[in-house]
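Structural description and commentary
These are the residues of each chain, in order.
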Amino acid sequence: MAAVALRNCLFATAVVQVLCDRPDNVGPLGNSKGTRGNGAQRRQPELLPGKRQMGQSVLHVTRLHRYDHAGLAAMLQAETLWQASLNGNSTALRTFKQRHNYVHLSEQQSKGLREHHQEVLAGGGMDRGRAEVNDSFLRTGHRKTRARPVTSLKRLDSQYVGYIGVGTAPAEGGNCVTTDPSSFMDAPRLVDDEDSSSAIEHGNCQVTEQSQVMVVFDTGSTNIWIDSDLCTEGPCAKPDRHRYNHKKSLTYKVPVHGLDLHIQFGTGEVTGPQAIDDFHVGPLTVKQQTFGMIQTEAGAVFDDVPLEGILGLAFKKMSANGVMPFFDNIINQKVLDDNQFSFYFNLHNPAANAIFWGGTDEHFYNGPIHYFQVTDPFYWSIDLVSFRIGDKEWDFDKGKWKKNMNTEFAPAATGSLMEQQQTPKAIVDTGTTFFTAADGLFEKIMDELPSGCCEQVNRTTHPNMIYTLHSTDGNLVDFELTNNEYMSVSKGEDCKDQEYCSTDFMKINIPAEHSPAMVLGEVFLRHFYSVFDRGTGENENIGRVGFARAVHDDTALKRLQSLTKNAASYTKIYGSKHNLR
């Protein structure tokens, strides 16, 4: 299905503060720290740039491109520079070095964000979010099932896209059948005569993916949609789009109780039937995955976004018609030794992002990874202990600011389901760009952190913003962002063509059963390497999310180049149709 939506100025970098027991009650800088709930004490750990935690073994890395609505040509240009750097051009990536420390957005995103602020704050009540406005639904006969995804595919949101393989086809000429049609790894038999009954007598033939499609990897949704041969007109039939052809796949199956699906993505919508086939991510194969074949696409959003599908990575509770989600199949089929995936998002380079399957890579983060239990396994939703701006803390119960009093926190896992759902949540969503807040809180945040000319932004006018989370080891952890990390810069007429700083927040109302909640989107995740861990997979409630300070240096870039140098290039696949090959 689709997903929900989420999002820094002049000094320092974001700081992670760990609230933990310390016998001497003294922080590393020698300052005494007060207690906060459950006897926990706050201290700010030293950040050691050269010290990194060893990561778990990664089975495969998929490089991702951040599509920010600057256009396909800009995307391919970034890819061309990336490929040039692989070929020894050390200056190719300097294009992405920023002359400022603010969050980098495309011109289209900056314009859209400013319009969103103007309309909402002017009283228009505009909510461009996904959760309530974009409820998706399924139709089968007269039956209708509702679901609430998080991603909208609007010009405000970035999409992190990469390639996956769908289906199975012969690598060379000849007819192939499989001894186990659900397995891409089992070698199919070559048929060289009309009597298929004797096929098993004739050696093996090589197979490959039936198609490679570029999909959004989205933790804010669960279902899978893939462009297919059923589409004959509209954006999904464009000559530069790749489509899965179910008629040519050896492992395609028709679901026994398949549905015709209909889903809303912001201002666009897609329809199509369910199908079953194998999915391939590098050397990994997920057998017989149920997904939606895109038959029709409507809406300008699909003209603007050069994607060919969405791969949802959230939980089964969001799944359409109870379909087993992609990552649940990974768990059930024991595809990975460790049931986790992790993301690295580059601050500025749209071509230098990645998803790591089966572990973490210590080259991309500093210090320890702090883990937080998923307490509402619909989204990747974790308990939000507090949200603060400077010395003001938001009271979710009363809907107003209060002075930070270091109030105690009782973990939601010890309460009833209703109590857990009423505990404020932080939803971690790779398919959303900005930070989000609901009605009331959004307006208060914009009062405290107004957008304006960058020369007027300083530590006093725009103090640090802090999310406090409760870790699985019993500590409270502060994620503190400075104004250059929660604001983005653009040119503004109001500033006499000087830089204009926008507060990277959107107004999003999450459905009541999952509220109150704030979304941590990809702008937050550019600063923090993120881990999505399902543990044994036997119980969704043991899922956890991990964060560590992301590393953005030449070492990380070189590591990513080394890991993905043999991966498919966007310019090779798309460039010939855009004179960029």
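Residues numbered from 1 in each chain as written. Predicted model: local features only at pLDDT ≥ 70, side-chain atom pairs only at ≥ 80, totals over all residues. Heavy atoms only, no water.

One way to put it is that helix H1 (residues 72-86) packs onto helix H8 (residues 554-564) with a least axis distance of 11 Å and a crossing angle of 90 degrees. By the angle between their directions, the pair H1 and H8 is classed as roughly perpendicular. In this structure, H1 uses Trp82, Ser85 and Leu86 to contact H8, whose residues at the interface are Leu557, Leu560, Gln561 and Thr564. Of the residues contributing to the contact of H1 with H8, the split by class is four nonpolar, three polar and no charged. (Axes fitted to C-alpha atoms, helices over the stretch in contact; angles between N-to-C directions. Helix = DSSP H or I, 4+ residues; strand = E, 2+ residues; numbered from the N terminus. Parallel < 35°, antiparallel > 145°, perpendicular 65-115°, else oblique. Contact = heavy atoms within 4.5 Å. Nonpolar A, V, L, I, M, F, W, Y, C, P; charged D, E, K, R; others polar.)

A separate point is the state of the cysteines. Going through the model one piece at a time under the given rule, you end up with three disulfides. A sulfur-sulfur distance of 2.1 Å marks the disulfide that ties Cys453 to Cys495. On the S-S bond that ties Cys453 to Cys495, the torsion sits near -100 degrees, and the link is left-handed. One end of the pair, Cys453, is in strand S24 (residues 452-453); the other, Cys495, is in the loop between strand S27 (487-491) and strand S28 (499-503), and 42 residues separate them in sequence. Of the two residues, Cys453 and Cys495, both sit in the buried class. With a sulfur-sulfur separation of 2.1 Å, Cys454 is cross-linked through a disulfide to Cys501. Where Cys454 bonds to Cys501 through sulfur, the torsion about that S-S bond is close to 110 degrees, and the disulfide is right-handed. Here Cys501 lies in strand S28 and Cys454 lies in the loop between S24 and strand S25 (465-470), a separation of 47 residues in the sequence. Taken as a pair, Cys454 and Cys501 share a single burial class, namely buried. (Disulfide = S-S within 2.5 Å. Buried < 20%, exposed > 50% of the residue type's maximum accessible area, 1.4 Å probe, protein only.)

For helix H6 (residues 441-448), the set of buried residues is Leu441, Phe442, Ile445 and Met446. The arc that holds every buried residue of H6, seen down its axis, measures 135 degrees, which confines them to one face. (Arc of directions from axis to C-beta.)

What follows is about the confidence of the model for the protein chain. This prediction gives the protein chain a mean pLDDT of 78; 71% of its residues lie at or above 70. With pLDDT under 50 throughout, residues 126-153 is counted as low confidence; its partners more than four residues away or in other chains account for 122 contacts. (pLDDT = per-residue confidence, 0-100.)

With that settled, consider the pairing of strand S30 (residues 517-520). Along any regular strand the residues' side chains alternate between the sheet's two faces. Neither face of S30 is open: one carries Ala517 and Val519, the other Met518 and Leu520, and all of them are buried. In this sheet, S30 lies alongside strand S22 (residues 425-428) in parallel orientation, the contact comprising four bridges. Bridge assignment links Ala426 to a residue of S30, and that residue is Met518. (Pairing = 2+ DSSP bridges.)

A few words now on the sheet that holds S24. With antiparallel pairing, the three strands of this open sheet are ordered in space as S24-S28-S27. Bordering the open sheet on either side are S24 and S27, each of which pairs with just one other strand. Sheet analysis places S24 next to S28, joined by two bridges and oriented antiparallel. From the neighbouring strand, Cys453 faces S28, where its bridge partner is Tyr500.

As a further point, take the nonpolar core. One finds Trp357, Phe387, Phe505 and Phe547 to be the most contacted residues of the largest nonpolar core, which totals 87 residues. Of all hydrophobic cores here, the second largest spans 22 residues; its members include Val61, Phe96, Ile369 and Tyr371. (Core = buried A, V, L, I, M, F, W, Y, C linked by side-chain atoms within 4.5 Å.)

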